[in-house]
Amino acid sequence: MLSEKQLQKLAFQHGTPIFIVDHDEIRRNYAEFKKHLPRVQAYYAVKAEPLPEIVKTLFDAGASFDVASMPEFDIVYENIKGMPDKRRQDWIWDKIIYANPIKPNETLRELDAYKPLVTYDNAEEIRKIKKYAPNAGLALRIRVPNTGAMVELSSKFGAASGEAVDLILEAVKSGLVVEGLSFHVGSQTTNFENFVQAINLAADIFREAGDRGYKKMNLLDIGGGFPAPYDESVKPFKILAQRINAELDRLFPKEVEILAEPGRFMIATAATSIVKINGKAVRDGKVCYYVNDGVYHTYSGIIFDHCHYHLKSFRKGPERICGVFGPTCDALDVISMSENLPSDLDLGELLYSPNIGAYSHASSTSFNGFPPAKVVHVNYKTSPTKKETLVRSY
Ligand SMILES: *Cc1c(COP(=O)(O)O)cnc(C)c1O
């Protein structure tokens, strides 16, 4: 974890707003995932934060990737390109799943050459895949309970369990290969029952497909949703992993390959944003700070991810409830109406938000003429002798 002193130094060196990525923390998160879910290969969901430096760090650590568009595919493929030809050919499934159930025809056509692994959840998609990417392997995305997740996904994607086997058999009948099933329990799932129920549902569908003559499924993708430890209410990952392992071992023989698509879990705790106070006003008796980053930028997760980020002050003092607003002229640009902060902070002082790595900078815009925060990578591993900071700016 970067200290307040290190953070301040980086803000001083690079200016604000900045988005600081701690690659040691990414490696720690990946290692923790593997340690507690040894049977599961982690396919990092690139959409959580697609910076190529992050993809490279995870690739080097041994991760695979979940992509949902050609640009995301290309970011990952850059790393695969470095592998010897033979392995590159054989390894695409080991390294990439194209996990967007709805794919444009042009994308399927482009993907086909790679013999990709793709998800689907409806009959129209089978016809598209058959026509434009007949060499793809398929995973049927099924709908599972998303109860209590911070971001619900089951209303957009997933075949109902009643139609699942029909969709498997239909794809097979058209000459495609269905490798297995996938699901997503909803992002930031703190209700661990969701995983238990989803794995059980998947096992039922495996069984029914077998009963109806299709026994070739050998892959289960348990999706994303692994919660980041934003606060103490999130139970330890280890507890969730124990439940998942128990269900997997009980219901799926060793030959079935288990994949997961963690996004938030890998990256949420690995980035910190630092903002500067540009203005200050007292409105209805409340101190309001106007800072140089907001909901159209690094704090976009407030809108898109339903996530709340806390702001902290480097200078400590008696705290009061303050408002914190972003730099644009839009009234939506509110970071917090009630944040505990010292009320005597001056213009030019800095605030920071830890644990802001997921779905934040990734959905930043340049609205109102304010560019996204500058990205600073802290990656000590690249030079073990000399502590080195890599900087990439926009
Ligand atoms: C967004 C997404 C993920 C990542 O979800 P997290 O909750 O961040 O782990 C994984 N798989 C799919 C298909 C997704 O759309």
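Keep in mind that this is a model prediction, so the values were computed, not measured.

S.K.: Go over the overall build of the chain, please, and point to the residues and values.
M.R.: Within the chain one finds twelve helices and 19 strands. For the chain, the C-alpha radius of gyration of 22 Å lies close to 21 Å, the compact-globule estimate for 394 residues. Seen along its three principal axes, the alpha-carbon backbone of the chain occupies a region of about 70 × 45 × 40 Å. Evaluated residue by residue, the chain yields a buried proportion of 54% over its 394 residues. For the chain, restricting intrachain contacts to residue pairs at least 6 apart in sequence, the fraction spanning at least 24 positions comes to 71%. For the chain, the exposed surface amounts to about 17,200 Å²; the carbon and sulfur share of it is 53%. For the chain, the distance from the average site of its 48 positive side-chain charges to the average site of its 49 negative ones is 3 Å.

S.K.: Any details on the nonpolar core? Residues and values, ideally.
M.R.: In terms of nonpolar packing, the biggest core is built from 102 residues, with Ile-222 and Phe-226 touching the most fellow members. Two domains each put at least three residues into this core: domain 1 (4-19 + 268-392) and domain 2 (23-267). With near-sequence residues (within four places) excluded, Ile-222 lies in contact with Val-40, Phe-183, Phe-195, Ile-199, Ile-244, Leu-248, Ile-258, Leu-259 and Ala-260. Counting residues in hydrophobic clusters, the runner-up holds twelve residues, among them Leu-10, Ile-18, Leu-350 and Val-376.

S.K.: Explain the domain arrangement of the chain to me, using residue names and the numbers behind them.
M.R.: Put simply, an interface is often sized by how much accessible area is lost when its parts join up. If you check the domain split of the chain, you get domain 1 (4-19 + 268-392) and domain 2 (23-267). Taking only C-alpha atoms into account, the centre of domain 1 sits 32 Å from that of domain 2. Taken together, the contacts link 21 residues of domain 1 with 24 residues of domain 2. Regarding the contact of domain 1 and domain 2, the summed buried area is about 1,900 Å², with carbon and sulfur atoms giving 55% of it. When the buried area of domain 1 at its contact with domain 2 is split by residue, Thr-269, Tyr-359 and His-377 rank highest and sum to 28% of it. Taken together, the links from domain 1 to domain 2 amount to twelve residue pairs in polar contact (both at pLDDT 80 or more). Ranked by residues supplied to the side of domain 1 that touches domain 2, first place goes to strand E18 (residues 374-378) with three residues.

S.K.: Mind laying out the site of the ligand, listing which residues take part and the relevant values?
M.R.: Around the ligand there are 14 residues in total, and Lys-47, Ser-187, Glu-261, Arg-264 and Tyr-359 lie nearest to it. At a separation of 3.0 Å, a nitrogen atom of the ligand approaches a polar side-chain atom of Asp-66. The side chain of Tyr-359 places a nitrogen or oxygen atom 2.6 Å from an oxygen atom of the ligand. Within the complex, the protein chains bury 92% of what would otherwise be the 390 Å² of accessible surface of the ligand. With respect to the pocket detection grid, the ligand is positioned in the largest pocket. For the shell around the ligand, the per-class residue count stands at four nonpolar, five polar and five charged.

Rules behind the numbers
Residues numbered from 1 in each chain as written. Predicted model: local features only at pLDDT ≥ 70, side-chain atom pairs only at ≥ 80, totals over all residues. Heavy atoms only, no water. Helix = DSSP H or I, 4+ residues; strand = E, 2+ residues; numbered from the N terminus. Rg over C-alpha atoms; globule rule 2.2 N^0.38 Å. Buried < 20%, exposed > 50% of the residue type's maximum accessible area, 1.4 Å probe, protein only. Contact = heavy atoms within 4.5 Å. Areas by Shrake-Rupley, 256 points an atom, 1.4 Å probe, with all protein chains shown as cover. Lys, Arg positive; Asp, Glu negative; His and termini not counted. Charge placed at Lys NZ, Arg CZ, Asp CG, Glu CD. Core = buried A, V, L, I, M, F, W, Y, C linked by side-chain atoms within 4.5 Å. Domains from an automatic or database assignment. Buried area = accessible area lost by both parts, 1.4 Å probe. Polar contact = N/O pair within 3.5 Å; in protein donor to acceptor, adjacent residues only side chain to side chain. Near = heavy atom within 4 Å. 1 Å grid on protein atoms, 1.4 Å probe; cavity = no way out; pocket = protein on both sides within 12 Å on 5 of 7 lines; lining within 4 Å. Sits in = over half its atoms within 2 Å of the grid points. Nonpolar A, V, L, I, M, F, W, Y, C, P; charged D, E, K, R; others polar.

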